[in-house]
Amino acid sequence: MDMGSAVARFIQAISANLKLEFVELSNVPMPGIEPLLAITNIPTLKNLTVDLNRLLSSDGLLDFVKALRETSIDKLILRHVRELSYAILDALAELPFLLAFCIRASHPSYSVTHVSNEGLQQILRKSSSLTEALFNHPW
């Protein structure tokens, strides 16, 4: 049994009978995307903070953000983001209930796609619900 599957099963088990609205995952070993996708199955989730696995690819993060469309999440904090792309920001803008998000990278050597101010403004305008966006990284 790999660690990602174990964490995913744990998340599914605790969320099955509870009405969780807030989840924070920090210092949890997440060797793959399975635990993140398990979080998206929590129907009552409103507020999520996740320390992302530094090995999570841009495609993995994009898949996770797209899966959040099925939730009613209104606040999202992603820490230790390794890669940021227009596609990820676009997917965030499509979350129907998202009011606030924060994207934090903790190391300047992470491979971050440079996003222009114009492109960022266009994507943020796309959201019909977003009222706060915080980017914390020396990009």
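What you see is a predicted model, and the numbers here were worked out from it, not measured in a lab.

Engineer: Got a sec to walk through the environment of Arg-125? Specific residues and values, please.
Structural biologist: Position of Arg-125 among the secondary structure elements: in helix H5 (residues 117–126). The exposure class of Arg-125 is exposed, given its relative accessible area of 62%. Residues Arg-125 and Ala-93 lie 32 residues apart in sequence; the distance between their C-alpha atoms is 8.0 Å.

Engineer: Please give an account of the nonpolar core that cites residues and values.
Structural biologist: Of all hydrophobic cores here, the largest spans 34 residues; its most connected members are Leu-48, Leu-61, Leu-76 and Leu-92. Excluding residues that lie within four positions of it along the chain, Leu-48 makes contacts with Val-23, Ile-39, Phe-64, Leu-68, Ile-73, Lys-75, Leu-76 and Ile-77.

Engineer: A description of the pairing of strand E4 (residues 100–104) should follow, citing residues and the corresponding values.
Structural biologist: A large share of E4 lies buried, amounting to four of its five residues. Bridge count for strand E3 (residues 75–79) against E4 is five bridges, and the pairing is parallel. Its bridge partner lying in E4, Ile-77 is registered against Cys-102. Where E4 lies against strand E5 (residues 132–136), five bridges are found, and the strand directions are parallel. Of the residues in E5, the one forming a bridge with Ala-100 is Glu-132.

Engineer: Any chance you could break down the packing of helix H4 (residues 86–93) against H5 for me, citing the residues and the numbers?
Structural biologist: Viewed as axis vectors pointing N to C, H4 and H5 meet at an angle of 25°, and their least axial separation amounts to 8 Å. Relative to H5, H4 is oriented roughly parallel. Both H4 and H5 take part in a crossing whose hand is right-handed. Across the interface between the two elements, Tyr-86, Leu-89, Asp-90 and Ala-93 of H4 pack against Gly-119, Leu-120, Ile-123 and Lys-126 of H5. Tallied by class, the residues present in the contact of H4 with H5 amount to five nonpolar, one polar and two charged.

Engineer: How would you sum up the environment of Ala-133? Please name residues and give values.
Structural biologist: Here Ala-133 is to be found in strand E5. Counting along the chain gives 33 residues from Ala-133 to Ala-100, while the straight-line C-alpha distance between them is 5.7 Å. If we ignore the near neighbours within four places in the chain, the residues touching Ala-133 are Phe-101 and Leu-124.

Engineer: Summarise the pattern of salt bridges; cite the residues concerned and give the values.
Structural biologist: The tally for this structure, following the rule as stated, stands at five salt bridges. Residue Arg-69 is joined to Glu-94 by a salt bridge in which the shortest nitrogen-to-oxygen separation is 2.6 Å. Taken together, the residues span a long stretch of sequence, with Arg-69 in the loop between helix H3 (58–67) and E3 and Glu-94 in the loop between H4 and E4 at a distance of 25 residues. By relative accessible area, Arg-69 is classed as partly exposed at 32%. Here Glu-94 and Lys-126 are joined by a salt bridge, their closest N and O atoms 2.7 Å apart. Of this pair, Glu-94 sits in the loop between H4 and E4 while Lys-126 sits in helix H5; the two residues are 32 residues apart in sequence, bridging distant segments of the chain. Judged by relative accessible area, which is 40%, Lys-126 ranks as partly exposed.

Cut-offs and rules
Residues numbered from 1 in each chain as written. Predicted model: local features only at pLDDT ≥ 70, side-chain atom pairs only at ≥ 80, totals over all residues. Heavy atoms only, no water. Helix = DSSP H or I, 4+ residues; strand = E, 2+ residues; numbered from the N terminus. Buried < 20%, exposed > 50% of the residue type's maximum accessible area, 1.4 Å probe, protein only. Core = buried A, V, L, I, M, F, W, Y, C linked by side-chain atoms within 4.5 Å. Contact = heavy atoms within 4.5 Å. Pairing = 2+ DSSP bridges. Axes fitted to C-alpha atoms, helices over the stretch in contact; angles between N-to-C directions. Parallel < 35°, antiparallel > 145°, perpendicular 65-115°, else oblique. Left-handed = near helix turned anticlockwise from the far one by under 90°. Nonpolar A, V, L, I, M, F, W, Y, C, P; charged D, E, K, R; others polar. Salt bridge = Lys/Arg side-chain N within 4 Å of Asp/Glu carboxyl O.

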